[in-house]
Amino acid sequence: MGEMSGTTGIRFAFGTLTVLPVRVTRWDRDAARAGMLCAPLAGLAVGLAAAAAGALLLLLGSGPPLAAVATVAVPAVLTRGLHLDGLADTADGLGSAKPAEDALHIMKRSDIGPFGVITLLFVLLAQIAAVAELYGESWAHGALAAVLSGVTARLALTLASRTGVPAARPEGLGAAVAETVPVRTALAVAALVTAVCAGAGALPYAGGAGSAALGAAQYALAVLAGLIVAQLLLRHCVRRFGGVTGDVFGALAETAATVSLAALVLG
């Protein structure tokens, strides 16, 4: 049963959060719970692909800016831009300053308004600038940052699926996964993933214990910073819209990814 649940969760996570050819075999609450618990694994796959693209360009002789563009482009490609689209729609909904029902209607429209365009512009610029600066330090720093941001982005979705965070609509991905993950389980996954990211942060400094400890602390704090800011956005969206939607999930993912990258640069 555990193996079946794990397989179902991985299928659900990869089938809904990436464009990889993984067929979702179940679409019930148990599958959604398992899928959102496995969401960081989908982020790991996306992050590794992004890191590989950037590292390959550096190996071929490109500078950090071009490698950073490729690194940021890969997650967009592997999600069909759904998270970026969700970010733009959420920005339009929040920026409209209209009642929840009207704001949700704005978010469902296919066009992107001025708030969405401006938000996309600054978020993508921030991601590219941060990754370029990290590649400028070393290819390892840039590659690890790409992986960390991908994992942190999907970990934010695990936390957003916890009980107590309702869906704003009765349909869509938000309704399918809302309140499926127990709070304690979500926190346990967050703690485990943060610890693993801290361990990864120590790898570039394996030669010195002091530097390795600082690297581990920096990566752990970057994850926590991304999650905290994403949770603040989540609280605001719940107040404004009455709950979460698929667009809000996309906005949370991009927010967590951007803040974690910025935290690594500032660190």
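Visitor: Explanation requested: the overall build of the chain in the structure shown.
Guide: The helix and strand tally for the chain stands at 12 helices and zero strands. Reading the chain from its N end, one meets helices and strands in the order α-α-α-α-α-α-α-α-α-α-α-α. Taking 18 Å as the expected radius of gyration for a compact globule of 267 residues, we find that the chain reaches 18 Å, a close match to that expectation. For the chain, with 267 residues in total, the buried portion stands at 49%. The long-range share in the chain, meaning contacts at least 24 apart out of those at least 6 apart in sequence, stands at 73%. Counting only carbon and sulfur atoms, one obtains 69% of the accessible surface of the chain, whose full area is about 11900 Å². Across the chain, the 16 positively charged side chains and the 15 negatively charged ones have centroids separated by 6 Å.

Visitor: How do you make sense of the environment of Ala 190 when you look at a structure like this?
Guide: Structurally, Ala 190 is set in helix H10 (residues 183–201). Residues Ala 190 and Leu 159, 31 residues apart in the sequence, show an inter-C-alpha distance of 7.7 Å. Once residues within four sequence positions are removed from consideration, Ala 190 is found in contact with Leu 155 and Leu 159.

Visitor: Which parts of the structure should I look at to understand the pattern of salt bridges?
Guide: Side-chain pairs of opposite charge can arise whenever the charged atoms involved come near each other. Going through the model one piece at a time under the given rule, you end up with three salt bridges. Where Asp 28 meets Arg 26, a salt bridge forms, and the shortest distance between an N and an O atom there is 3.1 Å. The exposure class of Asp 28 is partly exposed, given its relative accessible area of 34%. Using a relative accessible area of 31% as the deciding quantity, one classes Arg 26 as partly exposed. One salt bridge connects Asp 111 with Arg 109, and the closest N-O pair in it is separated by 3.1 Å.

Visitor: How should I be thinking about the environment of Pro 99 in this particular structure?
Guide: Of note, Pro 99 is situated in the loop between helix H5 (82–95) and helix H6 (100–108). Through-space distance from the C-alpha of Pro 99 to that of Ala 143 is 42 Å; in sequence the pair is 44 residues apart.

Visitor: Looking at this structure, I do not really get helix H12 (residues 246–266). What am I missing?
Guide: Every α-helix winds through 3.6 residues per turn, so residues three or four apart in the chain are directed the same way. In this model, H12 (21 residues) spans 30 Å end to end at C-alpha, consistent with the 30 Å of a helix rising 1.5 Å per residue. In terms of residue burial, H12 counts as a mostly covered element, since 15 of its 21 residues are buried. Structurally, the start of H12 carries an N-cap: the backbone nitrogen of Asp 247 is 3.2 Å from a side-chain oxygen of Thr 245.

Visitor: Teacher, can you tell me more about the packing of aromatic side chains here?
Guide: Each aromatic ring pair is summarised here by two numbers: the centre-to-centre distance and the angle between the ring planes. Using the criterion set out here, one finds one aromatic pair in the structure. Ring geometry for Phe 12 against Trp 27: centres 5.0 Å apart, planes inclined by 35°, an arrangement best described as tilted. Taken together, the residues Phe 12 in helix H1 (residues 2–17) and Trp 27 in the loop between H1 and helix H2 (29–37) connect sequence positions 15 residues apart. Residue classification places Trp 27 among the exposed positions, given a relative accessible area of 52%.

Visitor: How should I be thinking about helix H8 (residues 139–160) in this particular structure?
Guide: Taking 1.5 Å per residue as the helical rise, H8 with its 22 residues ought to reach 32 Å, and the 32 Å between its terminal C-alpha atoms agrees with that figure. Of all the 22 residues making up H8, 19 are buried; the element is thus mostly covered by neighbouring parts of the structure.

Visitor: Just to check I follow, could you spell out the packing of H5 against H6 for this structure?
Guide: For any two helices packed against each other, the geometry comes down to the angle between their axes and how far apart the axes lie. The N-to-C vectors of H5 and H6 enclose an angle of 150°; their axes lie 8 Å apart at closest approach. Relative to H6, H5 is oriented roughly antiparallel. When the axes of H5 and H6 are compared, the crossing they make is right-handed. For the pair H5 and H6, contact is made by Asp 89, Thr 90, Asp 92 and Gly 93 and by Ala 103, Ile 106 and Met 107, respectively. Among the residues making up the contact of H5 with H6, the classes are represented as three nonpolar, two polar and two charged.

Visitor: Sorry if this is basic, but what is going on with the state of the cysteines here?
Guide: Evaluation of the coordinates by the stated rule reveals zero disulfides. Considering cysteine sulfurs only, Cys 38 is the nearest to Cys 197, which forms no disulfide, with 16 Å between them.

Visitor: Explain unusual backbone geometry here, please?
Guide: Negative phi is the rule for most residues except glycine; trans is the rule for most peptide bonds. One non-glycine residue, Arg 80, lies in positive phi territory at about 55°. For Arg 80, a relative accessible area of 66% corresponds to the exposed category.

Conventions adopted
In every chain, residue numbers begin from 1 and rise along the written sequence. Two thresholds apply to this predicted model, a pLDDT of at least 70 for residue-level local features and 80 or more for giving and counting side-chain atom pairs, whereas whole-chain, interface and lining totals are computed over all residues. Hydrogen atoms and water are omitted, and side-chain values are computed over all heavy atoms in the structure. In this text, helices come from DSSP runs of H or I with a minimum length of four residues, and strands from runs of E with a minimum of two, each type numbered from the N-terminal end. C-alpha atoms define the radius of gyration, and 2.2 Å times the number of residues to the power 0.38 defines the globule rule. Relative accessibility under 20% of the residue-type maximum defines a buried residue, over 50% an exposed one, and the middle range a partly exposed one, all with a 1.4 Å probe and only protein chains included. By definition in these notes, contact holds between two residues if any of their heavy atoms fall within 4.5 Å. Surface accessibility follows the Shrake-Rupley procedure with a 1.4 Å probe radius. Residue values consider only the protein chains on display as shielding. Note on charges: Lys and Arg go in the positive column, Asp and Glu in the negative column, and His and the chain ends are not counted at all. The atoms used to mark charge sites are NZ of Lys, CZ of Arg, CG of Asp and CD of Glu. By convention in these notes, a salt bridge is any Lys or Arg side-chain nitrogen within 4 Å of a carboxyl oxygen on Asp or Glu. A helix is expected to span 1.5 Å multiplied by its residue count minus one. Side-chain atoms alone can form a polar contact between residues adjacent in sequence; in general such a contact is a pair of N or O atoms within 3.5 Å, and within protein one must be able to donate a hydrogen while the other accepts it. The criterion for an aromatic pair is that two Phe, Tyr or Trp rings (for Trp, the six-membered ring) have centres within 6.5 Å, with stacked assigned to planes under 30 degrees apart, edge-to-face to planes over 60 apart and tilted to the rest. Throughout, an axis means a line fitted to C-alpha atoms (over the contacting stretch in the case of helices), and angles, computed between N-to-C directions, take values from 0 to 180 degrees. Our angle categories are set so that under 35 degrees counts as roughly parallel, over 145 as roughly antiparallel, 65 to 115 as roughly perpendicular, and the remainder as oblique. Helix crossings are classified by the rotation of the near helix relative to the far one: an anticlockwise turn of less than a right angle makes the crossing left-handed, while a clockwise turn makes it right-handed. Ten residue types, Ala, Val, Leu, Ile, Met, Phe, Trp, Tyr, Cys and Pro, are classed as nonpolar, four, Asp, Glu, Lys and Arg, as charged, and the remainder, Gly among them, as polar. Whenever a pair of cysteine sulfur atoms sits within 2.5 Å, that pair is classed as a disulfide.

Keep in mind these numbers describe shape, not what the thing actually does.
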